[in-house]
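Here are the chains, one letter per residue:
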Amino acid sequence: MRLFGRQPECLILEIGMKDARTASRIHGEAFARAWGDGEFESLITQQSVFGFLACPEARARDAAAGFVLCREAAGEAEILSIGISPKQRRGGLGWRLMRSAMQEAKRRGAEEIFLEVDETNLPAVQMYRRLDFVQVGERRAYYARQGQPSTTALVMRRDLR
């Protein structure tokens, strides 16, 4: 809910091992094929992986409504996954998470950041373009959808220098 053009208070917190279950819950709400707690735990323990939780209205960590998980290596960063609970979409959480991820990637030495997004996810594609990501490739039939034709992943890049 926006009040007079202002976004509600939101805490952006660094993700940790104790947040694997929360991230898995959000992933399950956001995607047809959800990652499990173990998948998040495996990623979060890697030194090159970092991420953030979005906690709207300054709620507790387990009430988070969004997350972003990234990896940085050799001067490049990649958004591994970003998800927002459906009820919280279009309220600025994705934007805030992406800005935090880009700042941290740059702090860690990344000069560019990449992501893949389903071409049919127009709100996400538009947000990434507003964040100055440009399409640099595509992966045809990348996203399998049960009972429907597969969709293309757009590979997008943004310079962090």
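Calculation notes
Each chain carries its own residue numbering, running from 1 in the direction its sequence is written. The predicted origin of the model limits local features to residues at a pLDDT of at least 70 and limits the giving and counting of side-chain atom pairs to 80 or more, whereas totals for whole chains, interfaces and linings rest on all residues. Side-chain figures throughout are based on the complete set of non-hydrogen atoms in the structure, without hydrogens or water. A pairing counts as a salt bridge when a side-chain nitrogen of Lys or Arg comes within 4 Å of a carboxyl oxygen of Asp or Glu. Going along the chain from the N terminus, every DSSP run of H or I of four or more residues is numbered as a helix, and every run of E of two or more is numbered as a strand. Summary of the burial criterion: residues with accessible area below 20% of their type's maximum are buried, those above 50% are exposed, and those between are partly exposed, where the area comes from a 1.4 Å probe applied to protein chains only. We call two strands paired when DSSP finds no fewer than two bridges between them. To get an axis, a line is fitted to the C-alpha atoms, and for a helix only the part in contact is used. The angle between two axes follows their N-to-C directions and goes from 0 to 180 degrees. Pairing of aromatic rings covers Phe, Tyr and the six-membered ring of Trp, with a centre-to-centre limit of 6.5 Å; geometry is then stacked below 30 degrees between planes, edge-to-face above 60, and tilted otherwise. In this count, Lys and Arg are taken as positive residues and Asp and Glu as negative ones, while His and the chain termini are left out. Residues count as neighbours in contact if any of their non-hydrogen atoms are within 4.5 Å of one another. Any angle between 65 and 115 degrees counts as roughly perpendicular, while under 35 counts as roughly parallel, over 145 as roughly antiparallel, and the rest as oblique. By convention, the crossing between two helices is left-handed when the near helix turns anticlockwise from the far helix through less than a right angle, and right-handed when the turn is clockwise. Asp, Glu, Lys and Arg are counted as charged, while Ala, Val, Leu, Ile, Met, Phe, Trp, Tyr, Cys and Pro are counted as nonpolar; the rest, among them Gly, fall into the polar class.

## Some words on the pattern of salt bridges
- Under the defined criterion, the tally for this structure stands at eleven salt bridges.
- The shortest N-O distance in the salt bridge between Glu111 and Arg161 comes to 3.8 Å. One end of the pair, Glu111, is in the loop between helix H3 (93-107) and strand E5 (112-118); the other, Arg161, is in the segment after strand E7 (148-159), with 50 residues separating them in the sequence.
- We classify Glu111 as partly exposed; its relative accessible area is 42%.
- Arg161 sits in the exposed class, given a relative accessible area of 64%.
- A salt bridge links Asp159 to Arg161; the shortest N-O distance between them is 2.8 Å.
- By sharing partners, the salt bridges in this structure join Glu111, Glu112, Arg157, Asp159 and Arg161 into a single network.

## A closer look at the sheet that holds E5
- Taken in spatial order, the seven strands make up an open sheet running E1-E2-E3-E4-E5-E7-E6, and their pairing is mixed. Lying at the two open borders of the sheet, with one neighbouring strand each, are strand E1 (10-14) and strand E6 (134-145). Each neighbouring strand pair of the sheet contributes to a mean axis angle of 20 degrees, computed without reference to strand direction.
- Bridge analysis of strand E2 (residues 49-56) against strand E3 (residues 66-73) gives six bridges, and the strand direction is antiparallel.

## A look at the packing of aromatic side chains
- This model, assessed by the stated rule, comprises four aromatic pairs.
- An aromatic cluster is built from Trp35, Phe40 and Phe67, whose rings are joined through pairwise contacts.

## Brief notes about the side chain of Glu72
- Structurally, Glu72 is set in strand E3.
- The buried charged residue Glu72 lacks any salt bridge partner; its closest oppositely charged side chain belongs to Arg108, at an N-O distance of 5.3 Å.
- Residues in contact with Glu72, not counting those within four places in the same chain, are Ser48, Phe50, Ala77, Arg108, Gly109 and Ala110.

## Topic: helix H1 (residues 20-30)
- All of the buried residues along H1 are Ala20, Thr22, Ala23, Ser24, Ile26, His27 and Ala30.
- Close packing links the buried residues of H1 with helix H2 (37-44), E3 and strand E4 (76-84).

## A short note on the pairing of E2
- Across the eight residues of E2, eight count as buried, placing the element largely inside the fold.
- Residue alternation in E2 divides its side chains into two sets, Val49, Gly51, Leu53 and Cys55 and Phe50, Phe52, Ala54 and Pro56, and both sets are buried.
- One ladder, built from five bridges, connects E1 with E2; its direction is antiparallel. Of the residues in E2, the one forming a bridge with Leu13 is Leu53.

## Considerations on the packing of H1 against H2
- Between H1 and H2, the shortest axis-to-axis distance is 8 Å and the interhelical angle comes to 125 degrees. Considering their axes alone, H1 and H2 lie oblique with respect to each other. Considering only the axes of H1 and H2, their crossing is right-handed. Listed contacts from H2 to Ala20, Arg21, Ala23, Ser24 and His27 of H1 are Asp37, Phe40, Glu41 and Ile44.
- Split into classes, the residues belonging to the contact of H1 with H2 amount to four nonpolar, two polar and three charged.

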